[in-house]
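Fold and contact review
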Amino acid sequence: MTEHPLMIQQKDRSDRPDDSGPATADSDLRLVGLTKSFGSFTAVDDLDLTIPQGSFFALLGPSGCGKTTTLRMVAGLERPTAGQVLIGQQDITLTKPYQRPVNTVFQSYALFPHLSVVENVEFGLRRRGRKNTRTSAMEALELVQLPQLANRRPGQLSGGQQQRIALARAIVNRPSVLLLDEPLGALDLKLRRQMQIELKRIQLEVGLTFVHVTHDQEEAMTMADTIAVMNAGVIEQLGDPAELYERPRTTFVANFLGQSNLLPGTVTGSDGDHVVVDVRGRSMRVLRSRCASQDGAVWFGVRPEKLRIVSEAAAVASGNELSGTVTDASFTGVSTQYLVRLPWDQEITVVQQNDGTAPLRPGQEVTVQWAPEHGFALDADQDAHAGEDLEDEPVPAGAAS
Amino acid sequence: MSAMAHGVAPGSQTGARTTASQRSSKTPYLLLLPGMLWLGVFFAIPMVFLASTSLQTGSLEQGYALTWHVQTYVDALQAYWPQFTRSIGYAASATVLGVLIGYPLAYAIAFKAGRFKNILLVLVIAPFFTSFLIRTLAWQTILTNNGPVVKFFQATHLIDVMQSLGLTSNDQLMASKFAVICGLTYNFLPFMTLPLYASLERVDQRLLEAAGDLYSSPFTAFRKITLPLSMPGLVAGTLLTFIPACGDYINSKLLGSTNTTMIGQVIDGQFLRVLDYPTAAALSFVLMITIVVLVAVYVRRAGTEELV
């Protein structure tokens, strides 16, 4: 890939003569005790978060979890009830949106219909009295690969093109933080996948801090370095995508990111690196590092694709196994999803790769096995169904305009 | 028709389809017909008569004959030139005042009125429930000598300022340029406010958030986003005010004096009192052409062809 004019390389940044402070903290975005209440409803509750400069950060959660409100407080479009927003050492909590080194890619794109594409991109630069705005705008349009549309009006562009122009219009200003509010929400599935890759490429190329708000867990996992899963105004868990998926700390995260089978269990002891959990009379072992709770009642969890299904006859006894009856099989192409009814009438989901093994039929007795490093244990105080069936919620009205 | 298509030979099916498509291609013309007839009978034909009248000579007693007497135009313009320019000046002043009053009003109704929006809109239209004549007569009462408005102007010496500007005379507000322009502004204000409201109301507030995000202060956002996007309303409003105000003769008749006579009054007098039909027709034509030219230049300058 050719070197782009807008690119900031990591080493260039550390070579800058004025870069005397600690290398990491010069323009990190920090939210300190950030709270927003609307009447008696608390949308964002005492949020503390540090987003390192240059990272691609995702705020993931269902509608109404407070992620968009958080974003709007960073943009200055909403005034916090309490707490602070800082960029580096600079407190921007009370500054007006137009005084902040922050730009937003809006869900509705909000392109100015009376200006041409290139005038839209130039808009922020001109307001700040920059020179050579046309050249910078054209460079930004090249970055999003649409320089040929410079003289069109936004109304003449497709949704995907408008989305890129909105991105160029924000990026061209080189903000300390770029906010993306469900930027792909109004695009169809195929275009969305394509834009995810594109957004990630652009972020790596320009090296700006991206804060991306989304309700789509796959979108967050594809693009972000770090994800904060939000629910009911608080952050449930923070981490890189693999960490969140492999080691959820709450039932909400376990269900909202992918699918989980959660079984009721009790911690009965330990065995070296492993914790022993009793699930309805069967002893299961799970790595200690994968236990959010290590004593008393727990939810014992395992992801559907981590389960191995073997027919009753072929089963080889190992520690972590359960037997049950297949009640449903749905073929999805690369894999088959089975529902297996356990002796205590709970159904678990098992996903098997279609690797040539003979398909199972409903009614068949099977044994389900998994490795101790694939299970996890969560505090039993939580609702086992929290976060289920939320990811496919429709985008709020008005997003598609 | 569907029964036919099901039952009979393929040939007649095609026939049925052709009739249907022919019928649908005629529909737009059929829909245009009533309007076109109306325009033809009540606009185009009278225009031809008017044009013909303006080039005739003769008298009421002996009858008129078409003699292509172009001199009528020259004479009429020479005689009534001051009334012409005055009309355009008054109409332009009323239009500018209309923008200054109507824009903030429409802006407030569109963005700041909240649940009072509909009530305010009704109030804007409310004057139409009484006749144009009555509304203008009401201004006579408002501006009447010894009335509270005059007293206020006298007490604050604003009357002296207006007198020195030539807007009023004789220590009164009535029978002055000021009164006529006030009347015109008032009577045409709804025509300014409503189109402005309609186009402001359509401005997406999220665009203003985006402008703020892109380093625009609220004032810059207004100048760069709201104002350009409300241009169609502004153009429509100014045209709806300026064009009828140019030809108006009620306001100057009821609120003005012989020094504020507008061209509409002259045409009215020539047609109905002097009975000099050729001069009246010629003046009507000149007024119409002047307005068409001014409007064409204005619309082109405003550059809103694609937005209107």
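Keep in mind it's a predicted model, so treat the numbers as computed, not measured. (Residues numbered from 1 in each chain as written. Chains lettered and ligands numbered in written order. Predicted model: local features only at pLDDT ≥ 70, side-chain atom pairs only at ≥ 80, totals over all residues.)

**Section: the overall build of chain B**
The helix and strand inventory of chain B stands at 14 helices and two strands. In terms of overall size, chain B is more extended than a compact globule, its C-alpha atoms giving a radius of gyration of 26 Å where 308 residues would be expected to give roughly 19 Å. Reported as C-alpha extents along the three principal axes, the dimensions of chain B are approximately 90 × 75 × 35 Å. For chain B, with 308 residues in total, the buried portion stands at 31%. Put simply, of all contacts in chain B between residues at least 6 apart along the chain, 69% involve residues at least 24 apart. (Helix = DSSP H or I, 4+ residues; strand = E, 2+ residues; numbered from the N terminus. Rg over C-alpha atoms; globule rule 2.2 N^0.38 Å. Buried ≥ 20, exposed ≤ 12 C-beta atoms within 10 Å, placed from the backbone. Contact = placed C-beta atoms within 7 Å.)

**Considering the sheet that holds strand β5 (residues 90-91) of chain A**
All names here are of chain A. If you trace the four strands from one edge of the open sheet to the other, you get β2-β1-β4-β5, paired in antiparallel fashion. With one partner strand each, in any of the chains shown, β2 (41-51) and β5 form the two edges of the open sheet. Taken together, the five bridges between strand β1 (residues 29-38) and strand β4 (residues 82-87) define a ladder with antiparallel strand orientation. Within the sheet, the bridge partner assigned to Leu 29 lies in β4 and is Ile 87. Along the sheet, helix α2 (residues 67-75) makes contact with β1, β2 and β4, crossing β1 at roughly 115 degrees. (Pairing = 2+ DSSP bridges. Axes fitted to C-alpha atoms, helices over the stretch in contact; angles between N-to-C directions.)

**As for the interface of chain A and chain B**
Contacts between the two partners involve 15 residues from chain A and, on the opposite side, 14 residues from chain B. When contributions to the side of chain A that touches chain B are tallied by element, the ones reaching two or more residues are β6 (102-105) and α3 (117-127) of chain A. Here the side of chain A that touches chain B gets three residues from one element, more than from any other, and that element is α3 of chain A. Among the residues making up the side of chain A that touches chain B, the classes are represented as eight nonpolar, five polar and two charged. (Nonpolar A, V, L, I, M, F, W, Y, C, P; charged D, E, K, R; others polar.)

**Re the nonpolar core**
With 141 residues, the main nonpolar core has Val 74, Ala 168, Ile 171, Val 211, Val 229 and Ala 377 of chain A together with Ala 179 of chain B as its most contacted residues. Here this core takes 14 residues from helix α8 (residues 177-201) of chain B, the largest share from any one element. When sequence neighbours within four positions are dropped, the list of residues in contact with Val 74 of chain A reads Leu 29, Val 85, Val 102, Val 177, Leu 179 and Val 211 of chain A. Among the nonpolar cores identified, the runner-up in size contains 10 residues, and Val 302, Tyr 338, Val 366 and Trp 370 of chain A belong to it. (Core = buried A, V, L, I, M, F, W, Y, C linked by C-beta atoms within 7 Å.)

**Quick notes on the pairing of strand β11 (residues 261-271) of chain A**
All names here are of chain A. Bridge count for β11 against strand β14 (residues 297-302) is six bridges, and the pairing is antiparallel. In the strand pairing of β14, Leu 262 is matched with Gly 301. Note: β11 against strand β12 (residues 274-279), five bridges, orientation antiparallel. When the sheet's bridge partners are listed, Thr 266 is paired in β12 with Asp 278.

**Brief notes about α2 of chain A**
Residues and elements named next belong to chain A. When you tally the buried positions in α2, you get nine out of nine residues, the bulk of the element. Here α2 has its buried residues at Lys 67, Thr 68, Thr 69, Thr 70, Leu 71, Arg 72, Met 73, Val 74 and Ala 75. Downstream of α2 by a residue or two, Gly 76 has a phi angle that is positive, lying close to 90 degrees.

**Here's the deal with the confidence of the model for chain B**
Residue and element names in this part refer to chain B. Considering every residue of chain B, the mean pLDDT works out to 88; 90% of them sit at 70 or more. For residues 1-15, every residue scores under 50 in pLDDT, and the model assigns this stretch five contacts once sequence neighbours within four places are set aside. Interface predicted TM-score (ipTM) for the complex: 0.79; the corresponding pTM is 0.80. (pLDDT = per-residue confidence, 0-100.)

**A few points about α3 of chain A**
Residue and element names in this part refer to chain A. Counting buried residues in α3 gives eight out of 11 residues, a clear majority hidden from the surface. Buried within α3 are the following residues: Val 117, Val 118, Asn 120, Val 121, Glu 122, Phe 123, Gly 124 and Leu 125. Tucked into the core, α3 has its buried residues touching β6, α4 (133-143) and α5 (159-171). Downstream of α3 by a residue or two, Gly 129 has a phi angle that is positive, lying close to 65 degrees.

**Here we look at the packing of helix α3 (residues 71-112) of chain B against helix α14 (residues 277-302) of chain B**
Residues and elements named next belong to chain B. Relative orientation of the contacting elements α3 and α14 amounts to 75 degrees, with a least axis distance of 9 Å. Classified by the angle between their axes, α3 and α14 sit roughly perpendicular to one another. Residue-level inspection shows Thr 72, Tyr 73, Ala 76, Leu 77 and Tyr 80 of α3 in contact with α14, the latter providing Pro 278, Thr 279, Ala 282, Leu 283 and Val 286. Among the residues forming the contact of α3 with α14, the class breakdown is eight nonpolar, two polar and no charged. (Parallel < 35°, antiparallel > 145°, perpendicular 65-115°, else oblique.)

**So, the sheet that holds strand β13 (residues 282-287) of chain A**
Residues and elements named next belong to chain A. Strand order in the open sheet formed by five strands is β13-β12-β11-β14-β20, with antiparallel pairing between adjacent strands. If you trace the sheet from one side to the other, it starts and ends with β13 and β20 (375-379), each paired once. Here the average twist between neighbouring strands, direction ignored, is 45 degrees.

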